[in-house]
Amino acid sequence: MGCCSSASSAAQSSKREWKPLEDRSCTDLPWLLLFILFCIGMGFICGFSVATGAAARLVSGYDSYGNICGQKNAKLEAIPNSGMDHTHRKYVFFLDPCNLDLINRKIKSVALCVTACPRQELKTLSEVQKFAEMNGSALCSYNLKPSEYTTSSKASVLCPKLPVPASAPIPFFHRCAPVNISCYAKFAEALITFVSDNSVLHRLISGVMTSKETILGLCLLSLVLSMILMVIIRYISRVLVWIVTILVILGSLGGTGVLWWLYAKQRKSPKETVIPEQLQIAEDNLRALLIYAISATVFTVILFLIMLVMRKRVALTIALFHVAGKVFIHLPLLVFQPFWTFFALVLFWVYWIMTLLFLGTTGSAVQNDQGFVEFRVSGPLQYVWWYHVVGLIWISEFILACQQMTVAGAVVTYYFTRDKRNLPFTPILASVNRLIRYHLGTVAKGSFIITLVKIPRMILMYMHSQLKGKENACARCVLKSCICCLWCLEKCLNYLNQNAYTATAINSTNFCTSAKDAFVILVENALRVAAINTVGDFMLFLGKVLIVCSTGLAGIMLLNYQQDYTVWVLPLIIVCLFAFLVAHCFLSIYEMVVDVLFLCFAIDTKYNDGSPGREFYMDKVLMEFVENSRKAMKEAGKGGVADARELKPMASGASSA
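Notes on the structure in this doc start here. This structure is a prediction, so every number in the text was calculated from the model and none was measured.

## Here we look at the environment of phenylalanine 38
With respect to the secondary-structure elements, phenylalanine 38 resides in helix H1 (residues 29-51). By relative accessible area, phenylalanine 38 is classed as buried at 10%. Spatially, the C-alpha atoms of phenylalanine 38 and tyrosine 387 are 9.2 Å apart, while their sequence positions differ by 349 residues. Among all residues touching phenylalanine 38, those that are not within four sequence positions of it are Tyr387, Val390, Gly391 and Trp394.

In structure tokens, the structure reads:
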């Protein structure tokens, strides 16, 4: 693992010069061992599901009697039609493929192993019989010979539901799936409420298929726009932040003015012309307008006071955004960090889903009420899927936390390297190396804390969905309140974790020490944190909206050749969602860099004052901000005391690990 044998202390004496990035020690090693053991357990679940024959049942498929298609099968006790030789019958065919169970998410139909899937629609039993004679693929029950399809009285029960839709085998999974997706319109109607008939669904799907090149081009456009925006933000950060601030103030003033104008207009309107039945409604509307206007006025006053107090701190946000742009110039690989994270998440999710599918077909054969075979896991092993779900959350959060630690390590290296020419050849790879050698345990611990909060919230959300319409108002309110509180706690912990990873990258302290130090600095610089998170986040949000709107507008112009405007809906939704996802990935990296820079800035001002031997590490833009702040404090007659108090970062410095 590359960890050092003993964790050296990260504490620095106040009499010694503080030097970041010097001490490197292995942090939270027990948590790394626990995470490795947990991953071994995940591997055991996958191996168990494959070893018990689940892989064969998943890939080849099996019929309603427990026979795996494409091979010889052993006889199951007390199960009729089991133990058949299906060497030449390689595909699973459902007698009624459109009979869907939306609750249990499965097809409620008898499944048979057949030689070939019907490529064309079969409208009568005569056509089914002709298909069996020509292709050797019997689509009716094993107990019925092809010659009896049109003569037997049981044919209506033992043969597929007419008309038999045209189907094709699913690649790698050997299931006959209907070619016409209208068969699954119930699923679409459950997810898309505005689809009321199959014709609309057909047109939406056809719109996506005919516009797939356009959709791909628009997705690439959103990617390019995101990269361009990240470059633009650096050069117009000063103007852009003030524009956003002014627009917010003008918007709130305008909204408040309009509400008061509507209230005055409504109040002056003659009441004699109003009929008695409408008089009470008019009075209620007038009272509501008054409440809205007063609330908007209070909000505007509070917002104006906040802006007034934080106006000087907005300058720090501007400076940090400017420096963040320089970081991306020196560390261009940061732009591609979301791609590597997304790729790692996709690989893990594919593994997780495949293992889940294996688990769904593992177990012992059991005869259900209809006399067909189902595979069920009994005993303690039936609860392994809980372990599997926890693994999904923890490992996903672990991958995301690795991205945060990697970005933090690279930005910290950039900030605390005075001569940028001495930066490592690839700071990102150097940060990944430090992560693997020293800080995987810290990342495992931080991601586990998020998992502990996320799992109860997901359980409560599941309970709320299952009890929807059944619980009383009080229970519904309690559930929603708990879900909301857990969501807020998760967001706060995510933000604290990110800053804890930055503190770990600087001082090489363990997670708890880093989280405590980061919390102290965030509290003592609360106003500046508020300024960065409000002005900065709002500006980045507007950037996301700009990319989505630009991509959507380009989509409307490119799709204008289609006169059926209904088919625009799904392609535009796909494009806009992808544009927002891409913009969020890129700009969230930008936001992460700004947060790391702020923590580095606060630590820099703690241990250095610009005097010989204690020079600042910060960029010239941030140095100008510090000098301007000191001049402003001296002019105010405070001698820099307030500024020093506000700039005070980690109270404990780099405390012992």
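## So, the environment of leucine 460
Counting through the fold element by element, leucine 460 comes out in helix H11 (residues 427-466). Between the C-alpha atoms of leucine 460 and cysteine 482, which are 22 residues apart in sequence, the distance is 7.8 Å. With residues up to four places along the chain from it excluded, the contact list for leucine 460 reads Leu479, Cys482, Ile483 and Leu486.

## Focus on the pattern of salt bridges
Counted under the stated rule, the structure contains four salt bridges. Ionic pairing is found between glutamate 397 and lysine 454, a salt bridge with its closest N-O pair at 2.7 Å. Taken together, the residues glutamate 397 in helix H10 (residues 384-415) and lysine 454 in helix H11 connect sequence positions 57 residues apart. For lysine 454, a relative accessible area of 16% puts it in the buried group. It is possible to trace a salt-bridge network through shared partners that takes in Glu397, Lys454, Arg457 and Glu490.

## Describing the nonpolar core
A general trend in soluble globular proteins is that nonpolar side chains are found buried together. Membership of the largest hydrophobic core comes to 62 residues, with the highest contact counts inside it found for Leu334, Tyr415, Tyr590, Val593, Leu597 and Leu622. Within the residue set of this core, elements represented by two or more residues are helix H7 (212-268), helix H8 (276-330), H10, helix H12 (473-507), helix H13 (511-524), helix H14 (526-558), helix H15 (569-607) and helix H16 (620-635). It is H15 that provides the largest number of residues to this core, a total of 18 residues. Dropping the residues within four chain positions of it, tyrosine 415 is found in contact with Lys420, Leu597, Cys600, Phe601, Asp604, Tyr617, Met618 and Leu622. Core analysis: the second largest hydrophobic core is formed by 25 residues, Tyr65, Val92, Val128 and Ala155 among them.

Rules behind the numbers
Residues numbered from 1 in each chain as written. Predicted model: local features only at pLDDT ≥ 70, side-chain atom pairs only at ≥ 80, totals over all residues. Heavy atoms only, no water. Helix = DSSP H or I, 4+ residues; strand = E, 2+ residues; numbered from the N terminus. Buried < 20%, exposed > 50% of the residue type's maximum accessible area, 1.4 Å probe, protein only. Contact = heavy atoms within 4.5 Å. Salt bridge = Lys/Arg side-chain N within 4 Å of Asp/Glu carboxyl O. Core = buried A, V, L, I, M, F, W, Y, C linked by side-chain atoms within 4.5 Å.

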